[in-house]
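Close look at the chain arrangement
If you want the building blocks of each chain, they are given just below.
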Amino acid sequence: MNLKKFAVLAAVAALTLTPAVKANAALTGNVTVKWNTQAVGSLVLVTQYNGAPVGSHNAGAETIFPQLNGGAGACTASDTEAASGTVNFGNVTPDSTFATDCMEINAVDSQVVTNDTTGWKVSEQATAGIPAGTNFELCSYPNGSASFPFANGASLPATASARAAAVTNTSATACGSGGNPVFASGASTAFTLNTTNTNAFTAATPANLGEDYELVLGASAPSGAQTVTVTYTLTLL
């Protein structure tokens, strides 16, 4: 009897010592989280952008350089605008024989803010008020880049004009020395300031596409006030 009793006790002890499966054992699973961030952008135009800091509007006088090409024409010496948004060449006088060139430096800075790294571009075109005929031309010249289009750089800080004289244009039907016509011969074709830039830019450090404007008066350009609208377009590609 004692042997049977001991055998039963041993069996009970063995059951008591057997490890049990934990009730709180770690069980794992996965969830996939997805989203698609949309490309957004903004475009701000600053005229007379040689302010403090460079890239902000200069409420003081911005220089206009004359190039008379041997003639007796005349340009206003500077452009003073209290607020951004206007480029005003003021009173200009054509010559009866030679073209008269009036270049306003630091005329327009196109400031781009975007998260689009797949590509974006800015284009420029005169859209209203273009004078008829071939007696006027408006030429755009880049600041901070050797030529249009602007380079696809890691940063595009505002760059003040390095020009100390007007570009020589002897005809009101074309733009010399790397300039692009904003309008020509009573017509306008959009051109790109930059193509397929793939860098993102924040409001603190926007992309800056700075330009000088040169107004070219052909010989005996007709009198009268002119008001041309130039439209800039930011396209997210």
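All values reported here derive from a predicted model rather than from experimental measurement.

Some remarks on the overall build of the protein
Looking only at helices and strands, one finds 1 helix and 10 strands in the protein. Walking the protein from its N terminus toward its C terminus, one meets helices and strands in the order α-β-β-β-β-β-β-β-β-β-β. Relative to a compact globule of 237 residues, whose C-alpha radius of gyration would be 18 Å, the protein shows 34 Å and is clearly more extended. Once the C-alpha set of the protein is aligned to its principal axes, its extents read approximately 140 × 35 × 25 Å.

As for the nonpolar core
Where a protein is soluble and globular, its nonpolar side chains tend to be buried together. Ranked by internal contacts, the top residues of the largest apolar core, which has 27 residues, are Phe-89, Val-122, Leu-193 and Tyr-213. Among the secondary structure elements, those contributing two or more residues to this core are strand S4 (100-114), strand S5 (120-128), strand S6 (136-143), strand S7 (180-184), strand S8 (191-197) and strand S9 (207-217). Residue contributions to this core peak at 5 residues, all from S9. Dropping the residues within four chain positions of it, Leu-193 is found in contact with Ser-110, Val-122, Ser-123, Glu-124, Phe-148, Pro-149, Phe-150, Leu-209, Glu-211 and Tyr-232.

Quick look at a nonpolar patch on the surface
On the surface, a cluster of nonpolar side chains totalling about 440 Å² of accessible area is made up of Val-31, Val-33 and Trp-35. Following the sequence through the fold, Trp-35 ends up in the loop between helix H1 (2-17) and strand S1 (41-47). Its relative accessible area of 72% is what places Trp-35 among the exposed residues.

Overview of the pairing of S6
Across the 8 residues that make up S6, a large majority, 8, are buried. Bridge count between S6 and S9: 8 bridges; the pairing is antiparallel. In the sheet register, Phe-136 faces S9, and the bridge partner there is Leu-217. Bridging between S6 and S7 involves 4 bridges; their strand directions are antiparallel.

Some points on the packing of aromatic side chains
All told, the structure shown has 3 aromatic pairs when counted by the stated rule. Pairing Phe-148 with Phe-150 gives two aromatic rings, centres 5.8 Å apart and planes at 65 degrees, and the pair type is edge-to-face. Each residue in the set Phe-148, Phe-150 and Phe-191 is aromatic and connected to the rest through ring pairs, giving one cluster.

Things to note about the state of the cysteines
Enumeration according to the criterion identifies 2 disulfides in this entry. Here Cys-75 pairs with Cys-102 through a disulfide, and the sulfurs are 1.9 Å apart. Handedness of the Cys-75-Cys-102 disulfide follows from its S-S torsion of about -85 degrees: it is left-handed. Here Cys-75 is found in the loop between strand S2 (61-67) and strand S3 (78-80), whereas its partner Cys-102 is found in strand S4, with 27 residues between them in sequence. Using a relative accessible area of 0% as the deciding quantity, one classes Cys-102 as buried. Paired by a disulfide, Cys-139 and Cys-175 hold their sulfur atoms 2.0 Å apart. Around the S-S axis, the bridge from Cys-139 to Cys-175 shows a dihedral of about -90 degrees and counts as left-handed. Of this pair, Cys-139 sits in strand S6 while Cys-175 sits in the loop between S6 and S7, placing them 36 residues apart in sequence. Cys-175 gets classed as buried once you look at its relative accessible area, which sits at 15%. Taken in N- to C-terminal order, the disulfide-linked cysteines of the protein are connected 1-2, 3-4.

Cut-offs applied
- Residues numbered from 1 in each chain as written.
- Predicted model: local features only at pLDDT ≥ 70, side-chain atom pairs only at ≥ 80, totals over all residues.
- Heavy atoms only, no water.
- Helix = DSSP H or I, 4+ residues; strand = E, 2+ residues; numbered from the N terminus.
- Rg over C-alpha atoms; globule rule 2.2 N^0.38 Å.
- Core = buried A, V, L, I, M, F, W, Y, C linked by side-chain atoms within 4.5 Å.
- Buried < 20%, exposed > 50% of the residue type's maximum accessible area, 1.4 Å probe, protein only.
- Contact = heavy atoms within 4.5 Å.
- Patch = residues over 30% accessible without salt bridge, like charges linked within 9 Å, V, L, I, M, F, W, Y side chains within 5 Å.
- Areas by Shrake-Rupley, 256 points an atom, 1.4 Å probe, with all protein chains shown as cover.
- Salt bridge = Lys/Arg side-chain N within 4 Å of Asp/Glu carboxyl O.
- Pairing = 2+ DSSP bridges.
- Phe/Tyr/Trp six-rings, centres within 6.5 Å; stacked < 30°, edge-to-face > 60°.
- Disulfide = S-S within 2.5 Å.

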